[in-house]
Amino acid sequence: DSLSDGPPVDSPAASSDSLSDGPPVDSPAASSDSLSDGPTVDPLSPPVALLPLPGDPDEEGFFDAGQPSFDIAARAVRSVVDAFQSQLDEEQVKRMDRKNVQIIDRLAKVQAHKRTMVLELRDVYGRSAAAAAVADEFHEDASPAQAAVYAGPVSDADEWALTLGPSGRVPVLTCSTTVYGCHGRCQLTCYELLLSFRRVPIIGTLEHFLQRLDDGVVLRQHRTGDDHSVGYNDVVVERRDTGEVVVTFEPAIGTDTFLSCVEDIQTVISEQKERQILERSDSILTHQ
């Protein structure tokens, strides 16, 4: 009873009632109800399917969206690859053209160098004592056989060589050779071929064979032996009209190298002769 005289103590029920006077607090159920205003998503439902990729165009040019395909990407990649391939082809053609121009220019320089060297060696008699000594020796060795060699019709080149004498007989090429199995020496000028050899080594008489390099003779390669044997390559000098073999010898520098040198010399001399003929014709027309 004494305790009941004091101020009344609120019971839990009363405190809950007093708290209810404030703003109501949303319960979890209420919050879920407030979020339910948007579209509801069922977690057990399948995901929304993406739109299919377009397929090949139909006859009217429209793409079929119902058939997924990567043909568009494949065609795009193929067009890029084709463009690069076309560019590479054009660059390759240009590179080949530039390389061909370089090769042609290099060959022209080589031919010009050969022409210059042959003409310089031909006309070096008065400028080199060594060349003059070799030319004098060539002229001395060729003189005994000169009468028989130049018995036929004389061309402009032969007349030039005979008029100048030793100065027109500077050897362009000198090498060792084998003539009829005998060791000897081969000398080649712009107009003549001289073979010097001894049939009997050391004690034999030195013989000389002189041959003009004109249109009447042909120098060709001749291989002795069959395809299954080693054999030797010889140079055969034969007459063009009758096919008669004049002489056969084997140069030490090789048949291919020797014939290539002869061909270069004859080409240069023929070009020089044609140039001189044109110059004479021009001078005659100028004086007229």
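Residues numbered from 1 in each chain as written. Predicted model: local features only at pLDDT ≥ 70, side-chain atom pairs only at ≥ 80, totals over all residues. Heavy atoms only, no water.

### A look at the environment of leucine 121
Consideration 1: In this fold, leucine 121 is placed in helix α3 (residues 71-122).
Consideration 2: For leucine 121, a relative accessible area of 30% corresponds to the partly exposed category.
Consideration 3: Spatially, the C-alpha atom of leucine 121 lies 9.1 Å from that of threonine 189, the residues being 68 residues apart in sequence.
Consideration 4: Apart from the residues within four sequence positions on either side, leucine 121 is in contact with Val170 and Val172. (Helix = DSSP H or I, 4+ residues; strand = E, 2+ residues; numbered from the N terminus. Buried < 20%, exposed > 50% of the residue type's maximum accessible area, 1.4 Å probe, protein only. Contact = heavy atoms within 4.5 Å.)

### A few points about unusual backbone geometry
Consideration 1: A positive phi angle is found at tyrosine 180, which is not glycine, with a value near 55°.
Consideration 2: Along the chain, tyrosine 180 turns up in the loop between β1 (173-179) and β2 (182-188).

### Thoughts on the packing of aromatic side chains
Consideration 1: The final tally for this structure, using the stated rule, is two aromatic pairs.
Consideration 2: Geometrically, the ring pair formed by phenylalanine 249 and phenylalanine 258 is edge-to-face, given 5.5 Å between the ring centres and 85° between the ring planes. Across the pair, phenylalanine 258 and phenylalanine 249 agree in class, each one buried. (Phe/Tyr/Trp six-rings, centres within 6.5 Å; stacked < 30°, edge-to-face > 60°.)

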